[in-house]
Amino acid sequence: RRPDFADSAYRTFLDNPGARDIEPNDAINDKIALWQGDITTLEVDAIVNAANESLLGGGGVDGAIHSAAGHGLYQECKTLDGCKTGSAKLTGGHDLPAKHIIHAVGPIGYKPKLLGSCYWKSLQICDEHNLKEVAFCCISTGIFGFPNDAAAQIAMANVRQYLERPDTQIERVLFVMFLEKDKHIYREHIGRFFPPV
Ligand code: AR6
């Protein structure tokens, strides 16, 4: 069965003006989609940032999110007292179209358990706060140097396992790729973790 693209949540993702080269068939099933573009443009319940332990901003996607969300985000982050590697904390979206930001702190280098726990913890935060649509960037694969292919498989494996929990209220997970190479990697592996329905 093809996903129902009249569904407004999918249209939010796929009609986004930041989208490049992503056809509707990249919505794999009712719950999962791949999307290429700038995560700061997405109108979803939560976007997941790739932060550092200070939670006070930096380069990469973290810098882009802080720039787009405005100074109010920095002010809120200052109250959070940082975050441990492998964990995540929630803030408001401030000037972003997304309602919330989950700041996940990925590991530096190849530490698979810590990367997996960023995804798991972010999804737990969604359920704790009734956030039903969440978009992940490719945590740790930029400045922090985690190998892209392994990171993508860890991301998808954790999301798949989490969504099998009978008590989860999460309705949609979006994997956001910024780079061409990540788009190819996600397309290569997604069918194993999320077979088309
Ligand atoms: N939208 C979506 N994805 C993006 C965007 C964007 N606007 N910009 C970059 N990416 P990185 P890390 C992708 O380096 O490796 C910061 O200084 C990028 O292509 O942002 O976890 C923090 O403060 C890559 O796929 O994060 C930390 O100190 C992914 O986002 C450190 O970098 C993550 O790359 C974290 O390093």
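Let me begin by describing the structure that accompanies this report. (Residues numbered from 1 in each chain as written. Predicted model: local features only at pLDDT ≥ 70, side-chain atom pairs only at ≥ 80, totals over all residues. Heavy atoms only, no water.)

**Quick notes on the overall build of the protein chain**
Part 1 of the reasoning: Looking only at helices and strands, one finds 6 helices and 6 strands in the protein chain.
Part 2 of the reasoning: A burial count over the protein chain gives 50% of its 197 residues as buried.
Part 3 of the reasoning: Summarising the internal contacts of the protein chain: among those between residues at least 6 apart in sequence, 66% fall at separations of at least 24.
Part 4 of the reasoning: For the protein chain, the exposed surface amounts to about 8,800 Å²; the carbon and sulfur share of it is 52%. (Helix = DSSP H or I, 4+ residues; strand = E, 2+ residues; numbered from the N terminus. Buried < 20%, exposed > 50% of the residue type's maximum accessible area, 1.4 Å probe, protein only. Contact = heavy atoms within 4.5 Å. Areas by Shrake-Rupley, 256 points an atom, 1.4 Å probe, with all protein chains shown as cover.)

**Concerning the site of the ligand**
Part 1 of the reasoning: Around the ligand lies a shell of 22 residues, among which Asn 52, Gly 59, Val 61, Asp 62 and Ile 143 are the nearest.
Part 2 of the reasoning: At 2.8 Å, a backbone N or O of Val 61 approaches an oxygen atom of the ligand.
Part 3 of the reasoning: Taking Phe 144, its main chain carries an N or O atom lying 2.9 Å from an oxygen atom of the ligand.
Part 4 of the reasoning: Coverage of the ligand by the protein chains reaches 91% of its 700 Å² of free accessible surface.
Part 5 of the reasoning: Across the shell around the ligand, the residue classes tally to 10 nonpolar, 9 polar and 3 charged. (Near = heavy atom within 4 Å. Polar contact = N/O pair within 3.5 Å; in protein donor to acceptor, adjacent residues only side chain to side chain. Nonpolar A, V, L, I, M, F, W, Y, C, P; charged D, E, K, R; others polar.)

**Some words on the pairing of strand β1 (residues 32-36)**
Part 1 of the reasoning: The buried count for β1 comes to 5 of 5 residues, which makes it a mostly enclosed element.
Part 2 of the reasoning: Covered by surrounding structure in β1 are Ile 32, Leu 34 and Gln 36 together with Ala 33 and Trp 35, the residues of both alternating faces.
Part 3 of the reasoning: Strand direction decides the pairing type here: β1 and strand β6 (residues 172-177), joined by 5 bridges, are parallel. Bridging from a neighbouring strand, Ala 33 pairs with Leu 174 of β6. (Pairing = 2+ DSSP bridges.)

**Side note on the sheet that holds strand β4 (residues 100-105)**
For sheets, the rule is that strands pair by backbone hydrogen bonds, running either parallel or antiparallel.
Part 1 of the reasoning: Sheet architecture is open: 6 strands sit in the order β1-β6-β5-β2-β4-β3, paired in mixed fashion. In this open sheet, the two strands that pair with only one neighbour each are β1 and β3 (88-92). Here the average twist between neighbouring strands, direction ignored, is 25 degrees. (Axes fitted to C-alpha atoms, helices over the stretch in contact; angles between N-to-C directions.)

**Notes on the pattern of salt bridges**
Part 1 of the reasoning: Scanning all chains against the criterion turns up 4 salt bridges.
Part 2 of the reasoning: When the shortest N-O distance is used, the salt bridge between Arg 160 and Glu 164 registers 2.6 Å.
Part 3 of the reasoning: You can call Arg 160 partly exposed: its relative accessible area is 32%.
Part 4 of the reasoning: Relative accessible area serves as the criterion here: at 48%, Glu 164 is assigned to the partly exposed category.
Part 5 of the reasoning: With a closest N to O distance of 3.3 Å, Asp 167 and Arg 165 form a salt bridge.
Part 6 of the reasoning: By relative accessible area, which is 27% here, Arg 165 ends up partly exposed. (Salt bridge = Lys/Arg side-chain N within 4 Å of Asp/Glu carboxyl O.)

**So, the packing of helix α5 (residues 148-163) against helix α6 (residues 180-193)**
Part 1 of the reasoning: In the contact formed by α5 and α6, the axes pass within 9 Å of each other and the chain directions differ by 40 degrees. Taken together, α5 and α6 sit at an angle that is classed as oblique. In the crossing of α5 with α6, the sense of the turn from one axis to the other is right-handed. Between α5, through Asn 148, Asp 149, Ala 152, Gln 153, Ala 155, Met 156, Ala 157 and Arg 160, and α6, the contact on the second element is made entirely by Lys 181, Asp 182, Ile 185, Tyr 186, Glu 188, His 189, Ile 190, Arg 192 and Phe 193.
Part 2 of the reasoning: The residue inventory of the contact of α5 with α6, partitioned by class, reads 8 nonpolar, 3 polar and 6 charged. (Parallel < 35°, antiparallel > 145°, perpendicular 65-115°, else oblique. Left-handed = near helix turned anticlockwise from the far one by under 90°.)

Worth remembering: the numbers are spatial, not functional.
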